[in-house]
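Residues per chain are reported as follows:
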Amino acid sequence: MGFDFVPAPRMRPWLAAGVLIACGQSSGLSGSCVTIATEVVLHVALNGNDSNHGDEANPLGTLSGAQRQVQRLIANGIDCDVRVVIHNGTYFLEKPLAFGEADSMPPGLFVRFVAAQNETVVVSGGCVIDSWSRDDQGLWVADVKGLGLPGDPSDESNQEQWSSSGLRQLFQGELRLVRARSPNNGYFRVVAAGGDHRTSFQMDPLDWQPPSNLKHVELALLHDWSSSRVTMLRSDSTTNIIELAARVGAQQDFFRIDGFEAHPRYFVENSKDFLDADGEFFLDSNSGKLTVKLPDNMSPDRFPLVAPRLKELIQVTGTPEKPVRGLRFTGLQFRHTTCPVPVSGYAEIQASFFERRFDDMKDQTHPDPATESGHSRVPAACTVSFSEDCEFEECQFRQLGGGAIYLDRQTNHVKVVYCTVADVGGCGLMIGETLTRYDEQGRDLVCHQNMVSDCHVGRCGQILLGSVGIWVGIARDTRIENNEISELPYSGISVGWRWDAEPSGCAGNQIVNNHIHHVMQELSDGAGIYTLGLQPGTVLSGNRMHDIPLNAGRAESNGIFMDEGSTSIMVEGNLIWRTARSPIRFHKAGSNVIRGNRLFVDPGVELFTFNSTEPNDLTFEANEALDNAISPGSR
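Note that the coordinates shown come from a computational prediction; the quantities given were computed from them, not determined experimentally.

(A) The arrangement of the nonpolar core in detail. Counting 113 residues, the largest nonpolar core has Val84, Phe329, Phe334, Phe392 and Phe397 as its most contacted members. Looking at this core, the element that brings in the most residues is helix 2 (residues 63-75), giving 5 residues. The residues touching phenylalanine 334, leaving out its near neighbours within four places in the chain, are Val123, Leu313, Ile314, Phe329, Cys382, Phe392, Cys395, Gln396, Phe397, Arg398 and Leu400. Ala193, Phe201, Ala246 and Leu275 belong to the second largest nonpolar core, which has 24 residues in total.

The following block contains the structure:
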């Protein structure tokens with residue numbers, strides 16, 4: 001199971017051919033340069049200085065310094081491409097790099113932020129924790145007040161935003177440490193939900209003992225396809241009842257504690273009492289002391305620890321009239337972002353969208369301006385909106401708290417190719433919105449003609465379990481092809497965002513030739529590919545899906561699950577094997593064509609499951625039923 005998330009190296013032709021420098025009067029840069037009408041090349045290095053010219057011998061010192069140089073070139077009327085070559089090292093950001101109208105290249109020209117050949121460049125939203133000492137129990141302790149970490153008691157603005165969240169992530173090299181939790185592996189089971197089924201539950205005292213201070217202890221409870229996170233208020237040792245500081249779940253009744261199962265799974269975290277296994281950490285939000293338990297051979301002095309501070313690294317934001325265009329990011333690693341969870345608790349709806357609460361304990365919400373609804377989205381490390389003709393190539397997105405990439409409102413013709421997305425708290429890649437917008441002439445303004453190709457996506461949902469590898473909402477003509485997607489708690493690819501067959505801007509999406517495996521590892525009621533709503537022209541073709549297990553929740557999981565409203569979709573030529581239940585399932589789906597699929601099943605398992613779907617509404621042609629005993633993985 002699993003795969004190497006490091007993409008195979010590819011020769012970049014423009015580097016292999018040598019460096020071309022174009023400067024001079026038209027560039028707006030001082031100093032002597034050779035004028036060649038191809039591109040301007042700027043260099044950035046950790047030992048550089050932003051007062052330098054930016055040539056290889058005199059590099060700039062920061063990414064923001066290079067950005068300002070590029071802005072000056074654009075303002076002076078640049079007529080060639082710009083390449084910003086970033087040299088080896090980790091570039092710790094104090095704030096996200098924000099790209100807007102001043103960074104937009106003229107049509108047909110591009111600015112490329114690229115890692116120097118054979119060098120490793122990390123863009124980090126974190127900071128290195130130093131000044132460690134050992135306490136009398138052999139635990140490592142550091143004072144992190146003043147570093148701006150989530151839960152920092154010295155930062156009043158931070159305190160308000162993060163009071164129920166605190167520090168959720170800590171990294172040592174490639175290792176993600178674990179916020180102190182119980183149990184260390186697996187889950188407990190709720191004995192019984194409290195009277196309102198939302199704000200209390202009965203625990204088994206043989207499972208764990210509540211700490212004396214419950215203020216920041218967090219309950220993480222698993223629903224079928226999502227999860228909730230709320231802090232605790234008090235416990236009663238006589239009744240074994242735990243009272244919660246906010247209600248569990250979004251407004252819908254099925255999100256109550258026992259809405260899917262009578263005894264749902266849960267775990268608790270964020271207490272020093274739970275700090276009992278190597279690789280765990282705890283931040284005391286009162287004292288600002290960070291405590292870590294490490295193996296004897298792994299001191300933080302020898303192997304530095306990095307804590308995230310920023311929730312975003314890259315913000316590309318144009319306007320409807322002036323979209324940002326022509327940005328390219330190549331060969332960069334984006335790391336170390338936070339996982340922000342609301343003070344009033346995290347009530348996930350689906351795919352890391354969560355309820356935006358007006359009151360902690362009541363069924364009231366207020367609209368999020370971005371979604372124009374009662375739900376919000378977890379931030380991504382790189383967010384692109386009102387933009388076009390941009391690209392992420394051969395980049396790595398690792399050790400992130402929220403999502404990795406979000407192609408947001410009116411973002412078109414953007415490519416994510418040959419990238420690695422791994423070890424992410426939320427969703428991997430997200431494209432589109434949750435609503436359809438129109439201009440004054442009635443034309444839709446949805447994201448269109450974006451592409452995710454030849455990427456490795458895995459180990460998403462590390463914190464927010466209902467996250468998916470690649471999410472496509474209300475978008476059209478999106479192409480998701482030749483990607484490998486694996487090791488996820490929930491679905492691999494999700495397409496659509498309406499639970500009915502009413503028209504929307506979702507259409508023409510192509511999900512082709514992807515390899516999806518070992519998904520649905522924790523939750524249920526999802527699939528390798530999951531669809532919603534009316535999608536004329538959408539095609540699921542040539543995908544390989546396998547190793548999708550039986551889940552602990554109420555509903556089954558499948559290779560393809562065409563959920564409510566899924567209509568006008570072609571499902572053709574897919575190969576599905578080793579699914580514990582039916583390879584393809586339908587729930588309140590409409591008219592779709594299911595043709596030429598090769599489906600492997602165990603004895604007694606049906607090829608198709610119909611939940612509130614009329615089979616006669618579907619067209620089945622030349623689908624092949626085969627035995628899992630001769631499936632590809634069994635040969």
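(B) Spatial organisation of the pattern of salt bridges. Inspection of every chain in the model, using the stated rule, returns 36 salt bridges. Here lysine 293 and aspartate 278 are joined by a salt bridge, their closest N and O atoms 3.7 Å apart. You can see lysine 293 sitting in strand 22 (residues 289-293) and its partner aspartate 278 sitting in the loop between strand 20 (265-269) and strand 21 (280-284), a full 15 residues away along the chain. Take lysine 293: its relative accessible area is 24%, and that puts it in the partly exposed class. Assessed through its relative accessible area of 45%, aspartate 278 is described here as partly exposed. Residues joined in a network through salt bridges with shared partners are Arg168, Arg179, Glu218, Arg229 and Glu269.

(C) How the structure looks around the packing of aromatic side chains. Summed over all chains, the structure comprises 30 aromatic pairs. Judged by centre distance (5.2 Å) and plane angle (15 degrees), the ring pair of phenylalanine 329 and phenylalanine 392 falls under stacked. Taken together, the residues span a long stretch of sequence, with phenylalanine 329 in strand 26 (residues 327-330) and phenylalanine 392 in strand 33 (residues 391-393) at a distance of 63 residues. The residues phenylalanine 329 and phenylalanine 392 share a single accessibility class, namely buried. Taking 5.5 Å as the distance between ring centres and 70 degrees as the angle between the ring planes, the aromatic pair formed by tyrosine 530 and phenylalanine 561 counts as edge-to-face.

(D) Local environment of the pairing of strand 20. Extensive coverage of strand 20 is indicated by the burial of 5 of its 5 residues. Burial along strand 20 is two-sided: Arg265, Phe267 and Glu269 and Tyr266 and Val268, pointing in opposite directions, are all buried. Bridge count for strand 13 (residues 181-182) against strand 20 is 2 bridges, and the pairing is antiparallel. What sits directly across from arginine 181, in strand 20, is glutamate 269. Sheet topology places strand 17 (residues 218-222) next to strand 20; 4 bridges connect them, and they run antiparallel. Residue pairing in the sheet places glutamate 218 in a bridge with glutamate 269 of strand 20.

(E) Region of the structure containing the environment of valine 122. Structurally, valine 122 can be placed in strand 6 (residues 121-124). Residue valine 122 is classed as buried on the basis of its relative accessible area of 8%. Counting along the chain gives 211 residues from valine 122 to glutamine 333, while the straight-line C-alpha distance between them is 4.6 Å. Other than its neighbours up to four places away in sequence, valine 122 contacts Gly89, Thr90, Tyr91, Gln333 and Arg335.

Criteria and thresholds
- Residues numbered from 1 in each chain as written.
- Predicted model: local features only at pLDDT ≥ 70, side-chain atom pairs only at ≥ 80, totals over all residues.
- Heavy atoms only, no water.
- Core = buried A, V, L, I, M, F, W, Y, C linked by side-chain atoms within 4.5 Å.
- Buried < 20%, exposed > 50% of the residue type's maximum accessible area, 1.4 Å probe, protein only.
- Helix = DSSP H or I, 4+ residues; strand = E, 2+ residues; numbered from the N terminus.
- Contact = heavy atoms within 4.5 Å.
- Salt bridge = Lys/Arg side-chain N within 4 Å of Asp/Glu carboxyl O.
- Phe/Tyr/Trp six-rings, centres within 6.5 Å; stacked < 30°, edge-to-face > 60°.
- Pairing = 2+ DSSP bridges.

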